[in-house]
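For reference, the chains in residue letters:
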Number of protein chains: 2
Amino acid sequence: MKILNKRQIIEAFDVDAVTLLLKKGFIAYSQRQVQQPPVQHFLFEQAAGDCCIKSAWLEGDEQFVVKVSSGFYRNPAQGLASNQGLMMAFSAQTGEPQALLLDEGWLTALRTALAGRIVAELCAPASIPAIGIVGCGMQARLQLQQLKSLTACREVWVWGRNEETLQAYRRDVEAEGFRVNITQDAAELAAHCRLIVTTTPSREPILQAADIQPGTHITAVGADAQGKQELAADLVARADVLLVDTLAQCADYGEIATAYRQGLLKSTPIVELGTALAQGIKVRCDDQQITLADLTGLAIQDVQIVKGILARI
Amino acid sequence: MKILNKRQIIEAFDVDAVTLLLKKGFIAYSQRQVQQPPVQHFLFEQAAGDCCIKSAWLEGDEQFVVKVSSGFYRNPAQGLASNQGLMMAFSAQTGEPQALLLDEGWLTALRTALAGRIVAELCAPASIPAIGIVGCGMQARLQLQQLKSLTACREVWVWGRNEETLQAYRRDVEAEGFRVNITQDAAELAAHCRLIVTTTPSREPILQAADIQPGTHITAVGADAQGKQELAADLVARADVLLVDTLAQCADYGEIATAYRQGLLKSTPIVELGTALAQGIKVRCDDQQITLADLTGLAIQDVQIVKGILARI
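Residues numbered from 1 in each chain as written. Chains lettered and ligands numbered in written order. Predicted model: local features only at pLDDT ≥ 70, side-chain atom pairs only at ≥ 80, totals over all residues. Heavy atoms only, no water.

Named according to an unreviewed UniProt entry, chain A is Ornithine cyclodeaminase family protein originating from Serratia quinivorans.

Take a look at the structure:
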């Protein structure tokens, strides 16, 4: 079995090749070519942690992939990253373990950020005066980095609960060529931005319907387990169109779950990402629509990013 | 992260300590102290393979465990074991990977065999003229080995579909002090035996109700996924009492699933293994009862066997 550490994984990572693989993966998923059993979830209440186990096989592939990915939100206080995890590839011919990727959560973070870029290609308005990033952790940095090739906009608003982490975010991101405005008022962020990415593990809504301007696209990547929610149900219900990575997960525990359960989405078109990609159409029809993408994360993304790495080892 | 190979794992294995841990694990499971999300299943039809991913956390434990376990039934033809797999321990405080146990399926095989022994303690009749083993693979050997300390009986009947593998089984097991009769007629086996363990991945029933003598106990460990079945539904329905590792799995895809779905078990007492262990009672009430145990395998067993290994490393 090959064992790869984070440095080796980063060296083998090719963003364009992986982006293409991810698109193919979303399409294969929506075309029912993927065996992807329901996600396993753990909640470690006392340690402020959670964990999910995702696995999938793209039928016909030589390998299947199992991923263990956790978030322990008090880790940073002891100098550890919140997100931890690893991915494994196994032969789909013999079951033998083929590769262990000790990515420390990096591959999950990257494939999530790349999904954000793929979604923005389909949903972002033509004119983006500023990008809004809700949260100021690792995912908040990666999402912004991946949007760099999509838009010429370098004006950023970032929301966080803590002045110090906001300042650190500004410092890091300005070094990459952005102008960063920091705020602890999410409504202020929404007033300035037409492309917003929410990246927190929040369990209470941060953005409300009244905050959002017409023509805004929001990608929500934080809600990936029961109880997490970044957007108020009335905001989700206000979207003109919803894009989901998979309705099964999103309706169960994604960002749209509360609004879905409350029956607020009965007249909202809900489009699966792989379906939109397969059809080659833009999800946004005009510059006044509010579009909203709910990304809970698919195991097929893990399969595809592992394939991208192993192809270059 | 500690990485242990199969040799190191076998060296650190203490059968009595692990048996005790397994009993505690079954009890904790039945007392709802275990987070154990539903098992993930894959089916690799063209390769004649399947895989399950099991994970669990005994609340309060320092670690949680994820196990990937597969059966690829054409592996032996290329000199590989059918069963493959590995187990991993992660910190329940930080999510960091702690240990990778490259056991090649050995720990799964052992904890399954030990569960068979634990069940036999509760269910076996007082007098055992012969032990019946259905199947002649690795699990068929391990189950018999683990019964050695339970009963003085050394008379064995083994059933298989293939003369050559039956002969190999006889050779191996006679070297351990058993007298072995081989047969390709399961009814002949059942006519001689009062303690029967079924260990195959069969998808059609091997034993029928009419084959079984009063006073027989059967432990079925083969059925661990949709479509697998070793015992006819009428045999399952004939049992005076059913012992299950967990009703959730057994009723869904275990040995009793077909009879359960057909509504044949409405008047059969079904007892969870952990409940029986906690109460310290024998499941069998008299020497004429037919008792039947359905073991689909619990992730808490993996947790406990990993703890047993790591405690001695």
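Asker: Got a minute to help me understand the overall build of chain A in this structure?
Answerer: Across its full length, chain A carries 11 helices and 15 strands. Computed over C-alpha atoms, the radius of gyration of chain A comes to 18 Å, within 12% of the 20 Å expected from 2.2 N^0.38 for 313 residues, which places it in the range of a compact globule. The principal-axis extent of the C-alpha atoms belonging to chain A is close to 55 × 45 × 40 Å. Sorting the 313 residues of chain A into buried and exposed places 62% on the buried side. Considering only intrachain contacts with a sequence separation of at least 6, the fraction spanning at least 24 residues in chain A is 69%. Here chain A displays about 11,800 Å² of accessible surface, and carbon together with sulfur accounts for 48% of that area. (Helix = DSSP H or I, 4+ residues; strand = E, 2+ residues; numbered from the N terminus. Rg over C-alpha atoms; globule rule 2.2 N^0.38 Å. Buried < 20%, exposed > 50% of the residue type's maximum accessible area, 1.4 Å probe, protein only. Contact = heavy atoms within 4.5 Å. Areas by Shrake-Rupley, 256 points an atom, 1.4 Å probe, with all protein chains shown as cover.)

Asker: Explain the interface of chain A and chain B to me, please; I cannot follow it from the model alone.
Answerer: Think of interface size as the accessible area that goes away when the parts come together; that is how it is often given. Taken together, the contact between chain A and chain B spans 39 residues of the former and 39 residues of the latter. Surface buried jointly by chain A and chain B totals about 3,000 Å² across both partners, of which 71% is contributed by carbon and sulfur atoms. Across the chain A-chain B interface, the total number found is 0 salt bridges. Elements with a contribution of two residues or more to the side of chain A that touches chain B: strand 3 (40-44), strand 4 (49-58), strand 5 (63-72), strand 6 (83-91) and strand 7 (97-102) of chain A. With 6 residues, strand 4 of chain A is the single largest residue contributor to the side of chain A that touches chain B. (Buried area = accessible area lost by both parts, 1.4 Å probe. Salt bridge = Lys/Arg side-chain N within 4 Å of Asp/Glu carboxyl O.)

Asker: How should unusual backbone geometry be read in this particular structure?
Answerer: A negative phi angle characterises most non-glycine residues, just as the trans form characterises most peptide bonds. Positive phi, normally seen in glycine, also occurs at Glu104 of chain A, with a value near 55°. With respect to the helices and strands, the residue Glu104 of chain A is situated in the loop between strand 7 and helix 3 (106-123). Given a relative accessible area of 45%, Glu104 of chain A falls into the partly exposed group. Its identity as a non-glycine residue notwithstanding, Arg32 of chain B has a phi of 65°, on the positive side.

Asker: So what exactly am I meant to see when it comes to the pairing of strand 10 (residues 179-183) of chain B here?
Answerer: For a regular strand, side chains alternate in direction, first toward one face of the sheet and then toward the other. Residues and elements named next belong to chain B. In the sheet, strand 9 (residues 155-159) pairs with strand 10 via 5 bridges, with the strands oriented parallel. By the bridge assignment for strand 10, Val156 is matched with Val180. Regarding topology, helix 5 (residues 163-174) serves as the crossover connection from strand 9 to the parallel strand 10, and that connection is right-handed. (Pairing = 2+ DSSP bridges. Right-handed = clockwise from strand over helix to strand, strands pointing away.)

Asker: Please explain helix 2 (residues 15-30) of chain A as it appears in this structure.
Answerer: For an α-helix, the turn length of 3.6 residues means that residues three or four places apart are oriented alike. Residues and elements named next belong to chain A. Taking 1.5 Å per residue, 16 residues should reach 22 Å; helix 2 reaches 23 Å between its end C-alpha atoms and fits that length. Among the residues of helix 2, Val18, Thr19, Leu21, Leu22, Gly25, Phe26, Ala28, Tyr29 and Ser30 are the ones counted as buried. Residues of helix 2 that are buried sit in contact with strand 2 (34-35), strand 4, helix 3, strand 14 (270-272), helix 10 (273-279) and helix 11 (299-310). For helix 2, the N-terminal capping position is held by Asp14, with its side-chain oxygen 3.0 Å away from the main-chain nitrogen of Asp16. Positive backbone phi, at 65°, marks Arg32, one or two positions downstream of helix 2. (Expected span 1.5 Å × (residues − 1). Polar contact = N/O pair within 3.5 Å; in protein donor to acceptor, adjacent residues only side chain to side chain.)

Asker: Please explain the relation of the copies chain A and chain B as it appears in this structure.
Answerer: Mapping between the two chain copies consists of a rotation about an axis together with a translation along that axis. Mapping chain A onto chain B calls for a rotation angle of 180° and an axial translation of 0.0 Å; the resulting RMSD is 0.0 Å. In symmetry terms, the pair is related by a two-fold rotation axis. In this assembly, 100% of the residues forming the interface of chain A have copies in chain B that are likewise at the interface, indicating an isologous arrangement. (Least-squares fit on C-alpha atoms with pLDDT ≥ 70 in both.)

Asker: Just checking my understanding: could you explain the pattern of salt bridges for this structure?
Answerer: Side chains that differ in charge, positive against negative, can pair when their charged atoms come close. Applying the stated rule across the entire model yields 20 salt bridges over all chains. Lys23 of chain B is the partner of Glu121 of chain B in a salt bridge, and the nearest nitrogen-oxygen pair spans 3.1 Å. Here the residue Glu121 of chain B occupies a position in helix 3 (residues 106-123), and Lys23 of chain B occupies one in helix 2 (residues 15-30), the gap between them amounting to 98 residues. Residue classification places Glu121 of chain B among the partly exposed residues on the basis of a relative accessible area of 29%. On the accessibility criterion, Lys23 of chain B (23% relative accessible area) is partly exposed. The shortest N-O distance in the salt bridge between Arg141 of chain B and Asp172 of chain B comes to 2.9 Å. Here Arg141 of chain B, found in helix 4 (residues 138-147), pairs with Asp172 of chain B, found in helix 5; they are 31 residues apart in sequence, far enough to count as distant. Among the residues examined, Asp172 of chain B registers a relative accessible area of 34% and is labelled partly exposed. It is possible to trace a salt-bridge network through shared partners that takes in Asp50, Asp224 and Lys228 of chain A.

Asker: Got a minute to help me understand the environment of Leu231 of chain B in this structure?
Answerer: Residue and element names in this part refer to chain B. The topology assignment puts Leu231 in the loop between strand 12 (217-220) and helix 7 (233-238). Overall, Leu231 belongs to the buried group, its relative accessible area being 0%. Excluding its chain neighbours within four sequence positions, the residues that come into contact with Leu231 are Thr198, Pro205, Leu207, Ile218, Ala220, Val236, Glu255 and Leu292.

Asker: Help me out: how do you make sense of the confidence of the model for chain A in this one?
Answerer: Note that predicted coordinates carrying low pLDDT should not be read in detail. Of the residues in chain A, 100% reach a pLDDT of 70 or more, and the chain-wide mean stands at 96. Here the prediction assigns the complex a pTM of 0.90, and the interface score ipTM is 0.90. (pLDDT = per-residue confidence, 0-100.)

Asker: Looking at this structure, I do not really get the environment of Thr151 of chain A. What am I missing?
Answerer: Residues and elements named next belong to chain A. Among the structural elements, Thr151 can be located in the loop between helix 4 (138-147) and strand 9 (155-159). Owing to a relative accessible area of 13%, Thr151 belongs among the buried residues under this scheme. Counting along the chain gives 20 residues from Thr151 to Ile131, while the straight-line C-alpha distance between them is 9.6 Å. Contacts of Thr151, omitting those with residues within four sequence positions, involve Ile128 and Ile131. A distance of 2.9 Å separates a polar atom in the side chain of Thr151 from the backbone nitrogen of Cys153.

Asker: Before we go on, may I ask you to explain the sheet that holds strand 14 of chain A in this structure?
Answerer: By way of backbone hydrogen bonds, the strands of a sheet pair with one another, either parallel or antiparallel. Residues and elements named next belong to chain A. Strand order across the open sheet formed by 8 strands is 10-9-8-11-12-15-13-14, with parallel pairing between neighbours. The sheet terminates laterally at strand 10 (179-183) and strand 14, the two strands that pair on one side only. On average, each strand axis in the sheet is inclined to that of its neighbour by 20°, with strand direction left out of account. As defined by bridge partners, strand 12 (residues 217-220) adjoins strand 15 (residues 291-294) across 4 bridges and the pair is classed as parallel. Following the sheet pairing, His217 is matched in strand 15 by Thr291. (Axes fitted to C-alpha atoms, helices over the stretch in contact; angles between N-to-C directions.)

Asker: So what exactly am I meant to see when it comes to the environment of Gly71 of chain B here?
Answerer: All names here are of chain B. If you trace the backbone, Gly71 turns up in strand 5 (residues 63-72). By relative accessible area, Gly71 is classed as buried at 1%. Through-space distance from the C-alpha of Gly71 to that of Gly85 is 8.8 Å; in sequence the pair is 14 residues apart.

Asker: Before we go on, may I ask you to explain the packing of aromatic side chains in this structure?
Answerer: One pair of aromatic rings is described through two measures. These are the centre distance and the angle between the planes. Going through the model one piece at a time under the given rule, you end up with 14 aromatic pairs over all chains. Arranged with centres 5.3 Å apart and planes meeting at 20°, the rings of Phe64 of chain A and Phe90 of chain A form a pair that is stacked. You can see Phe64 of chain A sitting in strand 5 and its partner Phe90 of chain A sitting in strand 6, a full 26 residues away along the chain. Using a relative accessible area of 0% as the deciding quantity, one classes Phe90 of chain A as buried. Members of the aromatic cluster, each reached through a chain of ring pairs, are Phe42, Phe44 and Phe72 of chain A together with Trp57, Phe64 and Phe90 of chain B. (Phe/Tyr/Trp six-rings, centres within 6.5 Å; stacked < 30°, edge-to-face > 60°.)

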